[in-house]
Amino acid sequence: MVKRVGILTSGGDCPGLNATIRAISKSLYRLFKNKIEIVGILDGYHGLIHGKYRTITEKDFADILTLGGTILGTKRTPFKLMQVVEEDNIDKVSEMKKNYNKMKLDCLFCLGGNGTHKTANLLSEEGLNIIALPKTIDNDIWGTDISFGFHTAVDIATDSIDRAHTTAKSHKRIIVIELMGNKSGWLTLYSGISGGADVILIPENPYDINNILSHLNKRFKNGKNYSIIVVAEGAYSISEAKIKKKKRMELRKELGEKTATNIIAKEIEKLTGFETRTIVPGHIQRGGSPSAYDRILATQFGSYAATLAKNEQFGLAVAMVNNKITSNRLSDVAGKAKLITLDCPMITTAKQMGICLG
Ligand code: F6P
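Computed from a prediction, not measured in an experiment: that's the story for all the values here.

**Looking at the site of the ligand**
Here's step 1: For the ligand, the full set of nearby residues is Arg 76, Ile 137, Asp 138, Met 180, Gly 181, Asn 182, Glu 233, His 283 and Arg 286.
Here's step 2: Between the ligand and Asp 138, the relevant distance is 2.7 Å, taken from an oxygen atom to a side-chain nitrogen or oxygen of the residue.
Here's step 3: Here an oxygen atom of the ligand sits 3.2 Å away from a polar atom, N or O, in the main chain of Gly 181.
Here's step 4: In the shell around the ligand, the residues fall into two nonpolar, three polar and four charged.

**A few points about the side chain of Arg 22**
Here's step 1: Here Arg 22 is to be found in helix 1 (residues 17–31).
Here's step 2: Among residues more than four places away in sequence, those in contact with Arg 22 are Phe 61, Ile 64 and Leu 65.

**Considering unusual backbone geometry**
Here's step 1: If you check the backbone angles, Glu 312 has positive phi at about 55° while not being a glycine.
Here's step 2: Summarising the element assignment, Glu 312 is placed in the loop between helix 12 (292–310) and strand 10 (316–321).
Here's step 3: The phi dihedral of Asn 322 falls on the positive side, at around 50°, and the residue is not glycine.
Here's step 4: With respect to the secondary-structure elements, Asn 322 resides in the loop between strand 10 and strand 11 (324–329).

**As for the environment of Pro 290**
Here's step 1: Topologically, Pro 290 is positioned in the loop between strand 9 (276–279) and helix 12.
Here's step 2: For the pair Pro 290 and Leu 255, spaced 35 residues apart in sequence, the C-alpha separation works out to 37 Å.
Here's step 3: Those residues in contact with Pro 290, other than ones at most four positions away along the chain, are Pro 15, Gly 16, Leu 65, Thr 66, Leu 67, Thr 152 and Arg 295.

**Overview of the packing of aromatic side chains**
Here's step 1: The full count for this structure, using the stated rule, is five aromatic pairs.
Here's step 2: For the ring pair Phe 220 and Phe 274, a centre distance of 5.1 Å and an interplane angle of 55° mean the geometry is tilted. Residue Phe 220 is found in helix 8 (residues 209–221), and its partner Phe 274 is found in the loop between helix 11 (261–272) and strand 9; the two are separated by 54 residues along the sequence.
Here's step 3: In this structure an aromatic cluster arises from ring pairing among Phe 150, Trp 186 and Tyr 190.
Here's step 4: Against the face of Tyr 236 rests Arg 248, its NZ or CZ located 3.7 Å from the ring centre.
Here's step 5: When the ring centre of Phe 32 is taken as origin, the NZ or CZ atom of Lys 310, which lies over that ring, is 5.0 Å away.

Basis of the calculations
- Residues numbered from 1 in each chain as written.
- Predicted model: local features only at pLDDT ≥ 70, side-chain atom pairs only at ≥ 80, totals over all residues.
- Heavy atoms only, no water.
- Near = heavy atom within 4 Å.
- Polar contact = N/O pair within 3.5 Å; in protein donor to acceptor, adjacent residues only side chain to side chain.
- Nonpolar A, V, L, I, M, F, W, Y, C, P; charged D, E, K, R; others polar.
- Helix = DSSP H or I, 4+ residues; strand = E, 2+ residues; numbered from the N terminus.
- Contact = heavy atoms within 4.5 Å.
- Phe/Tyr/Trp six-rings, centres within 6.5 Å; stacked < 30°, edge-to-face > 60°.
- Lys NZ or Arg CZ within 6 Å of the ring centre and 35° of its normal.

Below, the structure written as structure tokens:
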């Protein structure tokens, strides 16, 4: 019988975390007829390792549906360090187990992205009762069509692209906009399409600068003397694709660049004479209130997760598949990522819109 549960939010924050915490908590109170205690673990797995937590009561989740960020705080605790005993001599896995038991938890909800799911699976394999929920603006969690936070980020990025459009047109410029997404370009692909970008560059498809130049020149010949390029922060060129990531980052460092954005802008200006500008909306893409879509999704996910706890179904990752809320085994999700494949329908759509994909 589940009597006391914990909730933690781990990894990069995103809109919808609070809406999910609220949905889990409200549903639990109803499903257990108020005979349930909820503990909020502070700052993700870091809090679980160090025993930082506080009891959550109804007043904690009043008015948080629309609130950005996470009331519990979050921290990146990389999975690869989870099983490493560092200088502080702390065995993180055994501390997490110890604190789970000390807090007398019967179940722990872990809200996060790929790294969070990996650690959640590790804890599940260690015998803890875990339910994970998919959060990330990157939308790259395996086994779910969508993660909460993604659509809000698409809305924010689209707004940036729209605003870039008008100024690019007035000044007859090429504007290169860098969007978040290190390993996967879902956010860039979706917002590029919704913002009417002319070029979309994603990590899954290394770009050839010559293809970009000829696309821009073609537009220019057709009387379009401005263009919008959206580039995912993890995008790289076909020549960079031939070298290892470590070497690639070293070469970028020599150029004083972490991402391809400025490199692309400078090459365009040098090789075409078009005036270029770059925009990096950065963490604004993860900030603020969740969209209506994400509020609904977070509420559905949270309510479903509470039902799993009521039914004592653990070791699971909540997901949406074909518009239906469901769950996958955590062991199936952990260690995988949902990357864009070049034959996916959204890529076909982009191509049919005449968008250059590099
Ligand atoms: O995972 C979400 C994300 O926003 C990525 O798109 C981005 O690469 C990363 O987090 C940024 O991380 P941080 O918030 O640690 O700078």
